[in-house]
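As a plain string of letters, each chain reads:
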Amino acid sequence: MNKKAILAVSFGTTYPETREETIGATEKKISEEFPDYDVFRAFTSTIVRKRIYKNEGIKVDSIQEALDKLRAQGYEEVYLQSLHIIPGIEYQLVQNAIDGYSPQFKKLVATPPLLDKFADYEQLVNFLKKQSAYLPSGKAILWMGHGTAHSAFTTYACLDHMLAGTKSYVGAVESYPDVHDEIKRLKHAKVEKVYMQPLMMVAGNHAHNDMASDQPNSWKTILKENDIVGHPVLKGLGKYEEIQEMFIAKLRTTIERG
């Protein structure tokens, strides 16, 4: 019998509640949609894995550890389900694993991250528009992307540009466009209050500290200094069924291609 598995690969988070509401919920949906496959978890962040083990006593595998276990357990067909948002540094780790482990499995294939093709951008932009469509003038949603040193940093500026004229804005905490770029746009649009949300799979460290805290360099504080009220909404993208469905559609397409 051909043993088949899906390895759901995320960056991970040290916040247990959002971990299960986002990553866990998406993994559960994957299990329901693909009952012929056993679903496993791997996190790409070494720091996150170490902290979870230290603080919670839970061992989360790296991609390599998970693949070694699957091979030892006799799985022959494995799909690496990327739960990353952009094709950046973390997704490169998924691709590296494919290159390194392919000879050890009959089939080892990765799905692309959430944003891969133009149609993905259109779908996500429509989703983001829908979240802010009900807001009155003077209010908007400011989405915080992670940002990256990888060339995929352009993802955030592209989304922000595609959202021009709407009540949704996209910035990045570690690259471009940053919060100051977005403040210029918000002021131009006469926005007085923004609902800040993470444009990340989870509402983890960046959402709690860089976005929602009262620390001097948080987005909430910087917005306040610029006479804009920032109201944090600690809800990761993975909690939305529409986002879960986007990931599942990618996996279904990948499996159907064989």
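Above: the structure in question.
Residues numbered from 1 in each chain as written. Predicted model: local features only at pLDDT ≥ 70, side-chain atom pairs only at ≥ 80, totals over all residues. Heavy atoms only, no water.

Q: Is there a simple way to think about the overall build of the protein chain in this case?
A: Within the protein chain, the regular secondary structure consists of 10 helices and eight strands. The C-alpha radius of gyration of the protein chain comes to 19 Å, within 12% of the 18 Å expected for a compact globule of 258 residues. Based on the C-alpha atoms only, the size of the protein chain along its principal axes is roughly 60 × 40 × 30 Å. Here the protein chain holds 258 residues, and the buried ones make up 50% of them. Across the protein chain, contacts joining residues at least 24 apart in sequence account for 74% of those joining residues at least 6 apart. About 12,200 Å² of surface is accessible on the protein chain, with carbon and sulfur atoms providing 51% of the total. Once the 32 positive and 33 negative side-chain charges of the protein chain are each reduced to a mean point, those two points are 1 Å apart. (Helix = DSSP H or I, 4+ residues; strand = E, 2+ residues; numbered from the N terminus. Rg over C-alpha atoms; globule rule 2.2 N^0.38 Å. Buried < 20%, exposed > 50% of the residue type's maximum accessible area, 1.4 Å probe, protein only. Contact = heavy atoms within 4.5 Å. Areas by Shrake-Rupley, 256 points an atom, 1.4 Å probe, with all protein chains shown as cover. Lys, Arg positive; Asp, Glu negative; His and termini not counted. Charge placed at Lys NZ, Arg CZ, Asp CG, Glu CD.)

Q: Help me understand the sheet that holds strand β6 (residues 168–172) in this model?
A: The strands making up a sheet associate through backbone hydrogen bonding, with each pair oriented either parallel or antiparallel. Read from one edge to the other, the open sheet built from four strands follows the order β6-β5-β7-β8, with strand pairing classed as parallel. Pairing within the sheet leaves two strands with one partner each, and these edge strands are β6 and β8 (229–232). Averaged over all pairs of adjacent strands, the angle between strand axes in this sheet comes to 30 degrees, irrespective of strand direction. Note that strand β5 (residues 139–145) and β6 share five bridges and pair parallel. Paired with Gly 145 across the bridge in β6 is Ala 172. Along the sheet, helix α5 (residues 118–132) makes contact with β5 and β6, crossing β5 at roughly 140 degrees. Set on the sheet, helix α7 (residues 179–188) makes contact with β5, β6 and β7 (193–198); between it and β6 the angle comes to about 160 degrees. (Pairing = 2+ DSSP bridges. Axes fitted to C-alpha atoms, helices over the stretch in contact; angles between N-to-C directions.)

Q: Is there a simple way to explain the side chain of Thr 155 in this structure?
A: Assignment of secondary structure puts Thr 155 in helix α6 (residues 154–162). Discounting residues that sit within four places of it in the chain, Thr 155 has contacts with Ile 86, Leu 115 and Tyr 121.

Q: I tried to follow the sheet that holds strand β3 (residues 75–82) on my own but got confused; where do I start?
A: What the four strands build is an open sheet, ordered β2-β1-β3-β4; its pairing is parallel. Looking at the sheet topology across the chains shown, the edges are occupied by β2 (38–43) and β4 (107–110). Averaged over all neighbouring strand pairs, the angle between strand axes comes to 20 degrees, with direction disregarded. One ladder, built from six bridges, connects strand β1 (residues 3–10) with β2; its direction is parallel. Its bridge partner being in β2, Ser 10 is matched across the sheet by Phe 43. Running over the sheet, helix α3 (residues 63–72) touches β1, β2, β3 and β4 and is turned about 155 degrees from β3.

Q: Teacher, can you tell me more about the environment of Thr 26 here?
A: For Thr 26, the position within the fold is in helix α1 (residues 16–33). For Thr 26, a relative accessible area of 0% corresponds to the buried category. Once the C-alpha coordinates of Thr 26 and Ile 243 are considered, the two residues, 217 residues apart in sequence, prove to be 8.8 Å apart. Apart from the residues within four sequence positions on either side, Thr 26 is in contact with Leu 83, Met 201, Gly 238 and Gln 244. Within the structure, Thr 26 has its side chain in polar contact with the backbone oxygen of Thr 22 (distance 2.8 Å). (Polar contact = N/O pair within 3.5 Å; in protein donor to acceptor, adjacent residues only side chain to side chain.)

Q: Any chance you could explain the nonpolar core here in plain terms?
A: Within soluble globular proteins, side chains that are nonpolar tend to cluster in buried spots. Counting 34 residues, the largest nonpolar core has Trp 143 and Ile 243 as the members making the most contacts within it. For this core, the element with the highest residue contribution is α5, accounting for five residues. Core analysis: the second largest hydrophobic core is formed by 19 residues, Leu 7, Ile 63, Tyr 91 and Ala 110 among them. (Core = buried A, V, L, I, M, F, W, Y, C linked by side-chain atoms within 4.5 Å.)

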